[in-house]
Amino acid sequence: MSATRCVVFEQPGGPEVLQLVQRDVGEPGPGQVRIRHHACGLNYIDIYQRSGVYPLPLPHVLGMEGAGVIEALGEGVTHLALGDRVAYASAPPGAYCDARVMAAAQVCRLPDSLDFRTGAAMMLQGLTVQYLFHRTVPLKAGDTVLFHAAAGGVGLIACQWAKALGIRLIGTAGTDAKCALALELGAEAAINYEREDFVARVRELTDGRGVDVVMDSIGAATFERSLDCLRPLGMMISFGNASGKVPPFDLGVLGAKGSLHLTRPTLFTHIADHATCQTMAAQLFEMVESGKVAIRIGQDFALEEVAEAHSQMEARATTGSSVLIC
Ligand code: NDP
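The structure contained in this document is the topic of the report that follows. Here the structure is a predicted model, which means the values were calculated and not measured. (Residues numbered from 1 in each chain as written. Predicted model: local features only at pLDDT ≥ 70, side-chain atom pairs only at ≥ 80, totals over all residues. Heavy atoms only, no water.)

**As for the site of the ligand**
Moving on, step 1. Close contacts around the ligand come from 28 residues, with Tyr48, Tyr131, Lys178, Tyr193 and Leu267 the closest.
Moving on, step 2. In this structure, an oxygen atom belonging to the ligand sits 2.4 Å away from a side-chain N or O atom of tyrosine 193.
Moving on, step 3. At the level of secondary structure, the elements contributing two or more residues to the shell around the ligand comprise helix H1 (44-51), helix H2 (116-134) and helix H3 (153-165).
Moving on, step 4. Examining the composition of the shell around the ligand, we find that four residues originate from one element, H2, more than from any other.
Moving on, step 5. Residue composition of the shell around the ligand, grouped by class: 13 nonpolar, 11 polar and four charged.
Moving on, step 6. Both domains that furnish three or more residues to the shell around the ligand are identified here as domain 1 (2-125 + 268-325) and domain 2 (137-264). (Near = heavy atom within 4 Å. Polar contact = N/O pair within 3.5 Å; in protein donor to acceptor, adjacent residues only side chain to side chain. Helix = DSSP H or I, 4+ residues; strand = E, 2+ residues; numbered from the N terminus. Nonpolar A, V, L, I, M, F, W, Y, C, P; charged D, E, K, R; others polar. Domains from an automatic or database assignment.)

**Some details on H3**
Moving on, step 1. For H3, built from 13 residues, the straight-helix expectation of 18 Å at 1.5 Å per residue is met to within 8% by its first-to-last C-alpha distance of 19 Å.
Moving on, step 2. Counted residue by residue, H3 has 10 buried out of 13 residues, so it is predominantly covered.
Moving on, step 3. Residues of H3 that are buried: Gly153, Val154, Gly155, Leu156, Ile157, Ala158, Cys159, Gln160, Trp161 and Ala162.
Moving on, step 4. Residues of H3 that are buried in the fold lie against H2, strand E9 (144-147), strand E10 (168-173), helix H4 (176-184), helix H9 (274-289) and strand E16 (321-325).
Moving on, step 5. Glycine 166 sits one or two residues past H3 and shows a positive phi near 80°. (Expected span 1.5 Å × (residues − 1). Buried < 20%, exposed > 50% of the residue type's maximum accessible area, 1.4 Å probe, protein only. Contact = heavy atoms within 4.5 Å.)

**Remarks on the side chain of histidine 60**
Moving on, step 1. With respect to the helices, strands and loops of the structure, histidine 60 is situated in strand E4 (residues 60-61).
Moving on, step 2. Among the residues examined, histidine 60 registers a relative accessible area of 15% and is labelled buried.
Moving on, step 3. When near neighbours in sequence (up to four residues on either side) are disregarded, histidine 60 contacts Val7, Val8, Phe9 and Pro93.

**A closer look at the nonpolar core**
Moving on, step 1. In this structure, Met123, Leu127, Phe133 and Met215 are the most contacted members of the largest nonpolar core, which totals 61 residues.
Moving on, step 2. Looking at which domains feed residues into this core, each of domain 1 (2-125 + 268-325) and domain 2 (137-264) supplies at least three.
Moving on, step 3. Sequence-distant contacts of methionine 123, that is, excluding residues within four places in its chain, are made with Glu65, Ala87, Tyr88, Ala89, Cys108, Ala281, Leu284 and Phe285.
Moving on, step 4. Ranked by size, the runner-up nonpolar core spans 27 residues in total, among them Val77, Tyr88, Phe301 and Ala309. (Core = buried A, V, L, I, M, F, W, Y, C linked by side-chain atoms within 4.5 Å.)

Pasting the structure below:
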């Protein structure tokens, strides 16, 4: 049995509740593997879990994503071998560590051309973009999508994915520099929603019609106004709450604003099935290896700098993806 450093928290709170401790790593049971991490991914969901927006049984190790090498295999695992380079996004949390034992089903072999940092940065955010664009609503070339936080981790992948599919993505972001980044990576237009009325700008950009789909991960601060950006019968995909949870609202609003559709998906439903997860990952790897999508790691941190990493994400000071190096 070997020891690992891992990041645990015992009570919900700010970044200061995160503690680096030593724990033993066990042997994998049936259907499990032990992975020695080289890097793990930072995601906004980690902040919801740490702060108590998404409660976890405590104490708990954080982290939903990592990349490394298989160092032990449990019974019945057939799609992986000892020494394989792998990457994953997976529940339950536990990835902020040097090594862990976990279910093998969502662990994917990492193509040789992709390094561990990229693997750790791309799985959760890239698989999210895959399901948003391919598994949530039928989208085709020429459709228009309003995508909030377009310079963030999910956002920069979405800008490039949309461009590759011929989808017209209008991005929003909190600074002019972030808007410029979204445009550079494929957004057709970018709106600084801190100083511009994004509803009015979307109407202008779509000749008054509204967009086909809104992908809104901001939540409370944007939800109602996002509905005002949709064309009649358009689709609202509410998939996050960086500004706070969307308060309960009157469903009749959907009718009044044009018989709108609304869904509130989560990646973990889409990747629950092993075969589906592996197929989604194969498409993500193809997008990255072909150069259609570049994974932009805006900042990386040592595992012991995890509290600083969380502070920067919450302060909206990051762009692209963020990783912890083990
Ligand atoms: P990001 O890198 O996009 O960081 C969040 C961004 O949200 C910030 O950089 C900021 O960009 C924007 N933001 C707007 N208002 C606030 C606020 N009040 N506080 C903090 N940030 C704010 O994170 P991720 O790429 O990891 O995730 C993006 C979103 O997608 C998150 O909400 C996440 O929970 C969600 N998500 C949902 C999934 C699902 O399956 N449901 C899966 C993966 C992610 P700016 O300054 O430009 O406004």
